[in-house]
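Residue strings, one per chain:
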Amino acid sequence: MILTTHILSGAALGANVENPWAVAVLSVVLHFVLDTLPHGDYLNRKSSILEFWKVLVDIAISILILIGIVNCCRQMSDPITTRNIFIGIFFSLLPDGTTFMYCHLGMKFLKPVKKFHEYLHFYKNGAPQRQFSLRNNLFDILVSLISLMFLVSQISFPVFH
């Protein structure tokens, strides 16, 4: 999945769960669950560190979306909700962060996490179905839209408090 999908789902989870420990654990679990859905990736095992710009663009898109939501929904200024949203974002990115640390920073002790993470993917790394395309990323779009709905509705109408 693209990082924007993980960021939005983590933010939505953080906005809807009050306990920060639960947000952290559930965000990691949600990341792994989402990665079981068929999806394309813009990076693969052959990607070099020079392709990191794609990650920066992906993160920038999600930040712009979240800034837009914050500007439209001032209720997000609640410090507990804001804290939990950031916790959700951080922990929803953590599994991909460990993959980056294993592959590009040489942190070999993360190999079991990397293997587990790769095992969960619907298609193996390098399969045509894992290429980045509109067709291969329909679940990304669907999950992102659902996450946006949960995020905006929670900010406007608290449900789980």
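Criteria and thresholds
- Residues numbered from 1 in each chain as written.
- Predicted model: local features only at pLDDT ≥ 70, side-chain atom pairs only at ≥ 80, totals over all residues.
- Heavy atoms only, no water.
- Helix = DSSP H or I, 4+ residues; strand = E, 2+ residues; numbered from the N terminus.
- Buried < 20%, exposed > 50% of the residue type's maximum accessible area, 1.4 Å probe, protein only.
- Contact = heavy atoms within 4.5 Å.
- Areas by Shrake-Rupley, 256 points an atom, 1.4 Å probe, with all protein chains shown as cover.
- Phe/Tyr/Trp six-rings, centres within 6.5 Å; stacked < 30°, edge-to-face > 60°.
- Lys NZ or Arg CZ within 6 Å of the ring centre and 35° of its normal.
- Core = buried A, V, L, I, M, F, W, Y, C linked by side-chain atoms within 4.5 Å.
- 1 Å grid on protein atoms, 1.4 Å probe; cavity = no way out; pocket = protein on both sides within 12 Å on 5 of 7 lines; lining within 4 Å.
- Points joined across faces, edges and corners; volume = space filled by probe spheres on them.
- Nonpolar A, V, L, I, M, F, W, Y, C, P; charged D, E, K, R; others polar.
- Salt bridge = Lys/Arg side-chain N within 4 Å of Asp/Glu carboxyl O.
- Expected span 1.5 Å × (residues − 1).
- Patch = residues over 30% accessible without salt bridge, like charges linked within 9 Å, V, L, I, M, F, W, Y side chains within 5 Å.

A. Inspection of the overall build of the chain at higher detail. Within the chain, the secondary structure is distributed over six helices and zero strands. Mapped in sequence order, the helices and strands of the chain form the string α-α-α-α-α-α. Taken over 161 residues, the chain has a buried fraction of 39%. Sequence separation of 24 or more characterises 77% of the internal contacts of the chain that already satisfy a separation of 6 or more. By element, 74% of the accessible surface of the chain is carried by carbon and sulfur atoms, the whole surface being about 9,400 Å².

B. Representation of the packing of aromatic side chains within the structure. A complete count under the given rule lists two aromatic pairs for this structure. For the pair Phe-32 and Phe-116, a centre-to-centre distance of 5.1 Å together with 75° between the ring planes defines the contact as edge-to-face. Of this pair, Phe-32 sits in helix α2 (residues 20-35) while Phe-116 sits in helix α5 (residues 111-120), placing them 84 residues apart in sequence. For Phe-116, a relative accessible area of 40% corresponds to the partly exposed category. Taking the centre distance of 5.0 Å and the plane angle of 85° together, the rings of Phe-90 and Phe-91 count as edge-to-face. For Phe-91, a relative accessible area of 26% corresponds to the partly exposed category. Geometry around Tyr-102 places Lys-108 over its ring, the cationic atom sitting 4.7 Å from the centre.

C. How the structure looks around the nonpolar core. With 14 residues, the main nonpolar core has Ala-11, Leu-66, Ile-85, Ile-89 and Leu-151 as its most contacted residues. Secondary structure elements with two or more residues in this core: α1 (3-16), α3 (53-72) and α4 (79-105). For Leu-66, the contacting residues outside a window of four places in its chain are Ile-7, Leu-8, Ala-11, Ile-89 and Leu-151.

D. Spotlight on the layout of surface pockets. Each pocket or cavity is described by its volume, and for the second largest pocket that value is around 300 Å³. Taken together, 18 residues line the second largest pocket, and the ones lying closest to its centre are Ile-2, Thr-4, Asp-58, Ile-61 and Phe-132. Sorting the residues of the lining of the second largest pocket by element identifies α1, α3 and α6 (138-156) as the ones contributing at least two each. Considering every element that reaches the lining of the second largest pocket, the biggest residue donor is α3, with six residues. Across the lining of the second largest pocket, the residue classes break down as eleven nonpolar, four polar and three charged.

E. Geometry of the environment of Ser-153. For Ser-153, the location among the structural elements is in helix α6. When the C-alpha positions of Ser-153 and Ala-15 are compared, they lie 9.5 Å apart, and in sequence the two are 138 residues distant.

F. Representation of the pattern of salt bridges in the model. Applying the stated criterion to the full structure yields one salt bridge. Lys-114 is paired through a salt bridge with Glu-118; the nearest N and O atoms lie 3.6 Å apart. Residue Lys-114 and its partner Glu-118 are both found in helix α5; the two are separated by four residues, about one turn of the helix.

G. Looking closely at α1. Along its 14 residues, α1 runs 20 Å from first to last C-alpha, staying within 8% of the 20 Å computed at 1.5 Å per residue. Taken across its 14 residues, α1 has 14 buried, putting it largely inside the fold.

H. Up close: a nonpolar patch on the surface. Side chains of Ile-49, Leu-50, Phe-52 and Leu-56 sit close together on the surface and give an oily, nonpolar patch of about 420 Å² of accessible area. Secondary-structure assignment places Leu-50 in the loop between α2 and α3. Assessed through its relative accessible area of 73%, Leu-50 is described here as exposed.

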